[in-house]
Amino acid sequence: EPEVTQTPSHQVTQMGQEVILRCVPISNHLYFYWYRQILGQKVEFLVSFYNNEISEKSEIFDDQFSVERPDGSNFTLKIRSTKLEDSAMYFCASSELLGVYEQYFGPGTRLTVT
Amino acid sequence: AQTVTQSQPEMSVQEAETVTLSCTYDTSENNYYLFWYKQPPSRQMILVIRQEAYKQQNATENRFSVNFQKAAKSFSLKISDSQLGDTAMYFCAFMKQSAGGTSYGKLTFGQGTILTVHP
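Here's what I pulled together on the structure shown here. Every value quoted in this text rests on a predicted model; they were computed, and no experiment measured them.

Cut-offs and rules
- Residues numbered from 1 in each chain as written.
- Chains lettered and ligands numbered in written order.
- Predicted model: local features only at pLDDT ≥ 70, side-chain atom pairs only at ≥ 80, totals over all residues.
- Heavy atoms only, no water.
- Helix = DSSP H or I, 4+ residues; strand = E, 2+ residues; numbered from the N terminus.
- Rg over C-alpha atoms; globule rule 2.2 N^0.38 Å.
- Buried < 20%, exposed > 50% of the residue type's maximum accessible area, 1.4 Å probe, protein only.
- Lys, Arg positive; Asp, Glu negative; His and termini not counted.
- Charge placed at Lys NZ, Arg CZ, Asp CG, Glu CD.
- Pairing = 2+ DSSP bridges.
- Axes fitted to C-alpha atoms, helices over the stretch in contact; angles between N-to-C directions.
- Core = buried A, V, L, I, M, F, W, Y, C linked by side-chain atoms within 4.5 Å.
- Contact = heavy atoms within 4.5 Å.
- 1 Å grid on protein atoms, 1.4 Å probe; cavity = no way out; pocket = protein on both sides within 12 Å on 5 of 7 lines; lining within 4 Å.
- Points joined across faces, edges and corners; volume = space filled by probe spheres on them.
- Nonpolar A, V, L, I, M, F, W, Y, C, P; charged D, E, K, R; others polar.
- Phe/Tyr/Trp six-rings, centres within 6.5 Å; stacked < 30°, edge-to-face > 60°.
- Polar contact = N/O pair within 3.5 Å; in protein donor to acceptor, adjacent residues only side chain to side chain.
- Disulfide = S-S within 2.5 Å.

1. Re the overall build of chain B
Check the secondary structure of chain B and you find 0 helices and 12 strands. Going residue by residue from the N terminus, the α and β elements of chain B occur as β-β-β-β-β-β-β-β-β-β-β-β. Scaling as 2.2 N^0.38, a compact globule of 119 residues should have a C-alpha radius of gyration of about 14 Å, and chain B matches this with 14 Å. Evaluated residue by residue, chain B yields a buried proportion of 49% over its 119 residues. The centroid of the 10 positive side-chain charges in chain B is displaced by 9 Å from the centroid of its 9 negative side-chain charges.

Here you go:
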């Protein structure tokens, strides 16, 4: 069964460094999402992406964050200058069509900022 | 803004028994979707069940069913004949529907309920 994959599974970085989290959505999916979950807190929406542009973003998704689909398979989340509070589990998701159709989630990348 | 609340941080049930997980939400929207997602210890979230707010009939998927009370803004999940593989974190989630009948895809999650099924 097709699945969303994410790399790396765990990333440790120093405060102020740039990180890129990578996701490979399911191949025929058109809509892509990033969510994050700070330890012990809710899963929070960051951004949705379609047709090479952002469809919607949350207040969390400030200028330090960017997303890109650099080729036909990868979907990346870049954090330009990481802060301690960016430490979280980051989940990528994709869906075939918009909205009510099931979002398939990846296993997540645990980002630790020291 | 929408909020989703799961008031039970942890629940446990014996194998083969029935358990109900609670979820309430707050929204001014009339058209929306509600979901239950399961996140097993391997941490990949999977969709369990989906409910469209315009449907009065409660959704069912095999052993999983919901009790959707739109006026009360309540959306509970019932798991019948619990199995050891049901042990997981369960998230209730909300998605707004746009005026065009589609939706924007943004899921708003509750805090989650850890369910443990005991043999």
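2. Considering the sheet that holds strand S7 (residues 65–68) of chain A
Sheet strands line up and pair through hydrogen bonds in the backbone, either parallel or antiparallel. Residue and element names in this part refer to chain A. Reading across from one edge, S1-S3-S8-S7 is the order of the 4 strands in this open sheet, with antiparallel pairing throughout. With partners counted over all chains shown, the strands left at the sheet margins are strand S1 (5–7) and S7, one partner each. In this sheet, neighbouring strand axes are inclined to one another by 20° on average, regardless of whether the strands run parallel or antiparallel.

3. Concerning the nonpolar core
In a soluble, globular protein the nonpolar side chains are often hidden away together inside. Ranked by size, the top nonpolar core spans 25 residues in total, and within it Tyr25, Trp36, Phe75, Leu77 and Tyr90 of chain B carry the most contacts. Counting only elements with at least two residues in this core, the list comes to strand S3 (19–21), strand S5 (32–39), strand S6 (46–52), strand S8 (64–69), strand S9 (74–79), strand S10 (88–96) and strand S12 (113–118) of chain B. If one sorts the elements of this core by residue count, S10 of chain B sits on top with 4 residues. Apart from residues lying up to four places away in sequence, Leu77 of chain B is in contact with Val19, Thr20, Leu21, Trp36, Ile49, Phe64, Ser65, Val66 and Tyr90 of chain B. The next biggest cluster of nonpolar side chains, apart from the first, holds 22 residues, and it includes Val4, Val19, Cys23 and Phe75 of chain A.

4. Here's the deal with the layout of surface pockets
Each pocket or cavity is described by its volume, and for the largest pocket that value is around 280 Å³. If you go around the largest pocket, you meet 14 residues; those closest to its centre are Glu44 and Phe45 of chain A together with Gln2, Lys106 and Thr108 of chain B. Mapped onto the lining of the largest pocket, the elements with two or more residues apiece are strand S5 (43–50) of chain A together with strand S1 (3–5) and strand S11 (108–109) of chain B. If one sorts the elements of the lining of the largest pocket by residue count, S5 of chain A sits on top with 3 residues. Across the lining of the largest pocket, the residue classes tally to 7 nonpolar, 4 polar and 3 charged.

5. Here we look at the packing of aromatic side chains
One pass over the structure, following the stated rule, counts 19 aromatic pairs over all chains. Here Tyr25 of chain B and Phe94 of chain B contribute two aromatic rings whose centre-to-centre distance is 6.2 Å and whose plane-to-plane angle is 40°, an arrangement assigned as tilted. Of this pair, Tyr25 of chain B sits in strand S4 (residues 24–26) while Phe94 of chain B sits in strand S10, and the two are 69 residues apart along the sequence. Its relative accessible area of 5% is what places Tyr25 of chain B among the buried residues. Judged by its relative accessible area of 1%, Phe94 of chain B falls in the buried class. Linked through ring pairs, Tyr33, Tyr35, Phe45 and Phe105 of chain A together with Phe35, Tyr37, Phe91 and Phe109 of chain B together constitute an aromatic cluster.

6. Some thoughts on the side chain of Gln8 of chain B
Residue and element names in this part refer to chain B. By the secondary structure assignment, Gln8 is in the loop between S1 and strand S2 (10–14). When its relative accessible area of 16% is taken as the criterion, Gln8 is described as buried. Only 2.7 Å separates the side chain of Gln8 from the backbone nitrogen of Ser22, close enough to count as a polar contact. With residues up to four places along the chain from it excluded, the contact list for Gln8 reads Thr20, Leu21, Ser22, Gly112 and Thr113.

7. Side note on the state of the cysteines
Two cysteines joined by a covalent bond between their sulfur atoms form a disulfide. Residues and elements named next belong to chain A. Using the criterion set out here, one finds 2 disulfides over all chains in the structure. Two residues share a disulfide in this structure: Cys23 and Cys92, whose sulfurs sit 1.9 Å from each other. Measuring the twist about the S-S bond at about -65°, one finds the Cys23-Cys92 disulfide to be left-handed. Remark: Cys92 occurs in strand S9 (residues 88–95) and Cys23 occurs in strand S3 (residues 19–24); sequence separation between them is 69 residues. In this structure, Cys23 and Cys92 share a single accessibility class: buried.

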